[in-house]
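Descriptive structure summary
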Amino acid sequence: MSAVSDRLPTFPWDKLEPYKKTAAAHPDGIVDLSVGTPVDPVPDLIQKALIDAADSPGYPTVWGTPALRDAITGWVGRRLGARDVTHRHVLPIVGSKELVAWLPTQLGLGPGDKVAYPRLAYPTYEVGARLARAQYEVYDDPRDLDPTNLKLLWLNSPSNPTGRVIPARELTEIVAWARAHGVLVFSDECYLELGWEADPVSVLHPDVNGGSYDGVVAVHSLSKRSNLAGYRAAFLAGDPAVLGPLLEIRKHGGMMTSAPTQAAVVAALSDDTHVQEQRGRYAARRLLLRAALVAHGFRVEHSEASLYLWSTRDESCWRTVAHLAELGILVAPGDFYGTAGERFVRVALTATDERVRAAVERLS
């Protein structure tokens, strides 16, 4: 066991515990803006679908029900502009973090192979490479990478933690570069429906991929857009030559989404109204928090999309974390996402309206 666990970095969130205790000691309680976990209710139509499918004594299939695959193909066409998507182009997964952590292993990568991801990034990209014992490197522009032995290129737009959106033209050029060098692209697009000052574009859009899904796969999650983090509901869409073998591997590994969750995803992807309502909640919280942070002396960079405000007071991120903890506000230090974030903090929009108002009052 230690041979595997020793490959992994120290779990970063443990370092935040002392600051969490400080924030929790505030007379009016903690305002936790550190973890991007949804706090609003699961929409009724999704709960109903889950309950109606609760009597599911048999094993679910890894590929999902035909109704689930129909819902996914319909959504990527309607929402992302993808064309000619069939069941062979989609694959349900048990939440996106599971996929990120185990993808390099499932692709058969190992020593000598390289995985690349953004310089400021979700830590699990590195974890996935470490678990496979592959090499990993970070980039500012992936086109500057040495493609030798580069087997997997992670894109993340909108970005966690910065909220940066890769413009469509740049995304098109990156896909072309990767294809020219035989590099597989996985695009983590879990925040795509949360664009504020930019309109995120998927690698599945024909303007980006030229009408071909060769060498490109998009990763999508229902955790944020439908408040389904607790359901572990996500899916892949893209190159069938990649998804077919992954399906077979995942069958052997028993990586299947529960039958009630599959029914809930069908309901969630078939309804756009609840997504717009949730966007409205986040937009209102974002407006209040951003104004309060700026008035308090912060500068907010990027953050044109996603559920976070990438903020700095031009000091050590841990000094900022400590300062806000004294106000009863907990945020994530930027160095959790790479050394380039050591002077930033990530402020999540995922708190109730009442807690957001409390944070705004304390900042003022």
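Each remark here, short or long, concerns the structure printed above.
Residues numbered from 1 in each chain as written. Predicted model: local features only at pLDDT ≥ 70, side-chain atom pairs only at ≥ 80, totals over all residues. Heavy atoms only, no water.

1. Things to note about empty space enclosed by the protein
What the rule picks out here adds up to three cavities of 30 Å³ or more. Approximately 70 Å³ is the volume attributed to the largest cavity. For the largest cavity, the full set of lining residues is Trp75, Glu189, Cys190, Tyr191, Leu192, Glu193, His220, Ser221, Leu222, Arg225, Phe235 and Leu269. In the lining of the largest cavity, the residues fall into seven nonpolar, two polar and three charged. In this model, the second largest cavity occupies a volume close to 40 Å³. Lining the second largest cavity, in full, are Leu68, Ile72, Pro92, Ala233, Ala234, Phe235, Thr257, Thr261, Gln262 and Val265. Breaking the lining of the second largest cavity down by element, the ones donating at least two residues are helix H4 (66–80), strand E8 (234–238) and helix H10 (259–269). Counting residues per element, the lining of the second largest cavity draws most heavily on H10, which supplies three residues. (1 Å grid on protein atoms, 1.4 Å probe; cavity = no way out; pocket = protein on both sides within 12 Å on 5 of 7 lines; lining within 4 Å. Points joined across faces, edges and corners; volume = space filled by probe spheres on them. Nonpolar A, V, L, I, M, F, W, Y, C, P; charged D, E, K, R; others polar. Helix = DSSP H or I, 4+ residues; strand = E, 2+ residues; numbered from the N terminus.)

2. With respect to the packing of helix H11 (residues 273–295) against helix H13 (residues 353–363)
Packing of H11 against H13 leaves a shortest axis separation of 9 Å and a crossing angle of 15°. In terms of axis orientation, H11 runs roughly parallel to H13. Note on packing geometry: the crossing formed by H11 with H13 is left-handed. Together, Arg285, Leu288, Leu289, Ala292 and Leu293 of H11 and Asp353, Val356, Ala359, Val360 and Leu363 of H13 make up the contact between the two elements. Of the residues assigned to the contact of H11 with H13, the class counts are eight nonpolar, no polar and two charged. (Axes fitted to C-alpha atoms, helices over the stretch in contact; angles between N-to-C directions. Parallel < 35°, antiparallel > 145°, perpendicular 65-115°, else oblique. Left-handed = near helix turned anticlockwise from the far one by under 90°. Contact = heavy atoms within 4.5 Å.)

3. Quick notes on unusual backbone geometry
The residue after Ser157, namely Pro158, is reached through a cis peptide bond having omega -5°. Its location among the elements puts Pro158 in the loop between strand E5 (150–156) and helix H7 (168–180). Its identity is not glycine, yet Asn227 carries a phi of approximately 60°, on the positive side. Note that Asn227 resides in the loop between strand E7 (216–221) and E8. With a phi close to 55°, Arg232 is a non-glycine residue in the positive phi region. By secondary structure assignment, the location of Arg232 is in the loop between E7 and E8. What makes Arg232 partly exposed here is its relative accessible area of 32%. (Buried < 20%, exposed > 50% of the residue type's maximum accessible area, 1.4 Å probe, protein only.)

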